Amino acid sequence: MLTIGVDIGGTKVAAGVVDEDGKILQETLRPTAADRPDVVAETVADVVRELSAGRDVEAVGVGAAGFIDETRSIVRFAPNLAWREEPLQKKISGLVGLPVVVENDANAMAWGETRFGAGRGQTHVICITVGTGIGGGLVFDGKLFRGRWGMAAELGHMQVVPDGRPCGCGNNGCWEQYASGNALVHDARYLADVQPHRARILLGVAEGKIEGEQVTEAARKGDEASLRAFANIADWLGQGMADLAAVLDPGCFIIGGGVSRAADLFIDRARETFAARLTGRGHRPVAEVRLAELGPWAGVAGAADLARQR
């Protein structure tokens, strides 16, 4: 049985045809029109038509970056996309003529990694997607935990700094403002501005425009400011995992998302910070911190599998 998985993020739409073993048979990428909900739906429909041509596709699973209702059909709110009470399931199903299941993108990633990736064999998993913002997914007792209203695991919107940096969700001081790709860029730009002597490599690489790719490149070349920015997000990530472990006691954390492609620059420090700040350290097991194995396609595989189980 073939299904199509679609992962809608803040900057891109990734999609693929997926078999029952989680293998992606064909894949495609498109940019996300983040401020135009109707265009996003049309983009999803286009990739579904492209991928289903000549195949017997049974259903479509869509991982969407937002708060999904308990019926897995409506995007109630999306901090980084222009969705407000968006009937995404109805729109896409009407355009493609197939059954559609909508799930939070981080939930889809968590399910994909638990079923087919780094979480295989684990029963209590917290997945953290570190990208434009921070998403989360919880798999407990081998089941995806969605909460009463379908909106559980919005980990990026835990408030970690009272009255801190403003967040797209409407609050201030959310975790994703300190431990995400946007946070990395924010810190690097600030350091380059106030301490340009520590950011000479970054400023040379960026040529006037500092983005995540330039920060990563400069850090790998030894730029002090860029390395400091990665250390900052590592510390915030480790602290957040320690807080989550105090509440949920997982056996495993899985770190994915776009920023995880630069994991060599921060994951060891994040593990160390997690272990150092864990409640009851020395008297309890320390959960493993693993990197996602399926890369940017975990959400696609997970969404497709969730559609299969609809």
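In case you missed it, the structure is sitting above this.
Since the structure is predicted, the reported quantities are computational estimates derived from the model, not experimental observations.

Student: Honestly, the overall build of the chain in this entry has me stumped. Any pointers?
Tutor: The secondary structure content of the chain amounts to 10 helices and 13 strands. Compactness check: the chain gives a C-alpha radius of gyration of 19 Å against a globular reference of 19 Å for 310 residues, within 12% of the reference. When its C-alpha atoms are laid out on the principal axes, the chain stretches across 55 × 50 × 35 Å. Expressed as a percentage of its 310 residues, the buried residues of the chain come to 55%. If you take every contact in the chain between residues at least 6 apart in sequence, the share linking residues at least 24 apart comes to 62%. When the accessible surface of the chain is totalled, it reaches about 13300 Å², and 48% of it is carbon and sulfur.

Student: Got a minute to help me understand helix 9 (residues 267-277) in this structure?
Tutor: One turn of an α-helix holds 3.6 residues; hence residues three or four places apart share an orientation. Listing the buried residues of helix 9 in full gives Ile267, Ala270, Thr273 and Phe274. When helix 9 is viewed along its axis, its buried side chains cluster within an angular range of 120 degrees and face the same direction. Against helix 8 (224-248), strand 12 (252-256) and strand 13 (288-291) lie the buried residues of helix 9.

Student: Which parts of the structure should I look at to understand the packing of aromatic side chains?
Tutor: Each aromatic ring pair is described using two quantities: the centre-to-centre distance and the angle formed by the ring planes. For the structure shown, the criterion picks out five aromatic pairs. Between tyrosine 178 and tryptophan 236 the ring centres are 4.9 Å apart and the planes differ by 40 degrees, which places this aromatic pair in the tilted class. With tyrosine 178 in helix 4 (residues 176-179) and tryptophan 236 in helix 8, this residue pair connects regions lying 58 residues apart in the sequence. With a relative accessible area of 8%, tyrosine 178 lands in the buried category. Look at tryptophan 236 and you get partly exposed, because its relative accessible area is 28%. Seen in terms of ring centroids, phenylalanine 253 and phenylalanine 274 are 5.3 Å apart; in terms of plane orientation they differ by 75 degrees. Their pairing is edge-to-face. Separated by 21 residues along the polypeptide, phenylalanine 253 in strand 12 and phenylalanine 274 in helix 9 bring together distant segments of the chain. Just as phenylalanine 253 is buried, phenylalanine 274 falls in that class too. Between arginine 148 and the ring centre of tryptophan 149, over which it is positioned, the NZ or CZ distance is 3.9 Å.

Student: Is there a simple way to think about the pairing of strand 8 (residues 100-104) in this case?
Tutor: Walk down a regular strand and you will see the side chains alternate between the two sheet faces. Buried residues dominate strand 8, accounting for five of its five residues. On strand 8, burial covers both faces: Val100, Val102 and Asn104 on one face and Val101 and Glu103 on the other are all buried. Note: strand 4 (residues 57-64) against strand 8, five bridges, orientation parallel. Bridge assignment links glycine 63 to a residue of strand 8, and that residue is glutamate 103.

Student: Looking at this structure, how should I read the environment of arginine 189?
Tutor: Inspection of the secondary structure assignment puts arginine 189 in helix 5 (residues 181-194). The class of arginine 189 is partly exposed, set by a relative accessible area of 41%. The sequence separation of arginine 189 and arginine 115 amounts to 74 residues, and the corresponding C-alpha distance is 38 Å. The residues contacting arginine 189, other than those within four sequence positions of it, are Ile210 and Glu211.

Student: I'm lost on the side chain of aspartate 305 in this one. Help?
Tutor: Turning to its location among the elements, aspartate 305 is positioned in helix 10 (residues 298-308). Look at aspartate 305 and you get buried, because its relative accessible area is 2%. Of note is the side chain of aspartate 305, whose polar atom sits 2.7 Å from the side chain of glutamine 309. In contact with aspartate 305, other than residues within four places in its own chain, are Thr3, Trp111, Arg115 and Phe116.

Student: Just checking my understanding: could you explain the pattern of salt bridges for this structure?
Tutor: Note on pairing: side chains with opposite charge can pair once their charged atoms come close. Scanning the model with the defined rule gives 19 salt bridges in all. Note that glutamate 86 is salt-bridged to lysine 91, the shortest N-O span being 2.6 Å. Accessibility expressed as a relative area gives 7% for glutamate 86, which makes it buried. Relative accessible area serves as the criterion here: at 27%, lysine 91 is assigned to the partly exposed category. A salt bridge links arginine 198 to glutamate 224; its shortest N-O distance comes to 3.4 Å. Here arginine 198, found in the loop between helix 5 and helix 6 (200-206), pairs with glutamate 224, found in helix 8; they are 26 residues apart in sequence, far enough to count as distant. Overall, the relative accessible area of 22% leaves arginine 198 in the partly exposed class. Linked through salt bridges whose partners overlap, the residues forming this network are Asp38, Glu86 and Lys91.

Criteria and cut-off values
- Residues numbered from 1 in each chain as written.
- Predicted model: local features only at pLDDT ≥ 70, side-chain atom pairs only at ≥ 80, totals over all residues.
- Heavy atoms only, no water.
- Helix = DSSP H or I, 4+ residues; strand = E, 2+ residues; numbered from the N terminus.
- Rg over C-alpha atoms; globule rule 2.2 N^0.38 Å.
- Buried < 20%, exposed > 50% of the residue type's maximum accessible area, 1.4 Å probe, protein only.
- Contact = heavy atoms within 4.5 Å.
- Areas by Shrake-Rupley, 256 points an atom, 1.4 Å probe, with all protein chains shown as cover.
- Arc of directions from axis to C-beta.
- Phe/Tyr/Trp six-rings, centres within 6.5 Å; stacked < 30°, edge-to-face > 60°.
- Lys NZ or Arg CZ within 6 Å of the ring centre and 35° of its normal.
- Pairing = 2+ DSSP bridges.
- Polar contact = N/O pair within 3.5 Å; in protein donor to acceptor, adjacent residues only side chain to side chain.
- Salt bridge = Lys/Arg side-chain N within 4 Å of Asp/Glu carboxyl O.

Distances and angles like these do not, on their own, reveal function.
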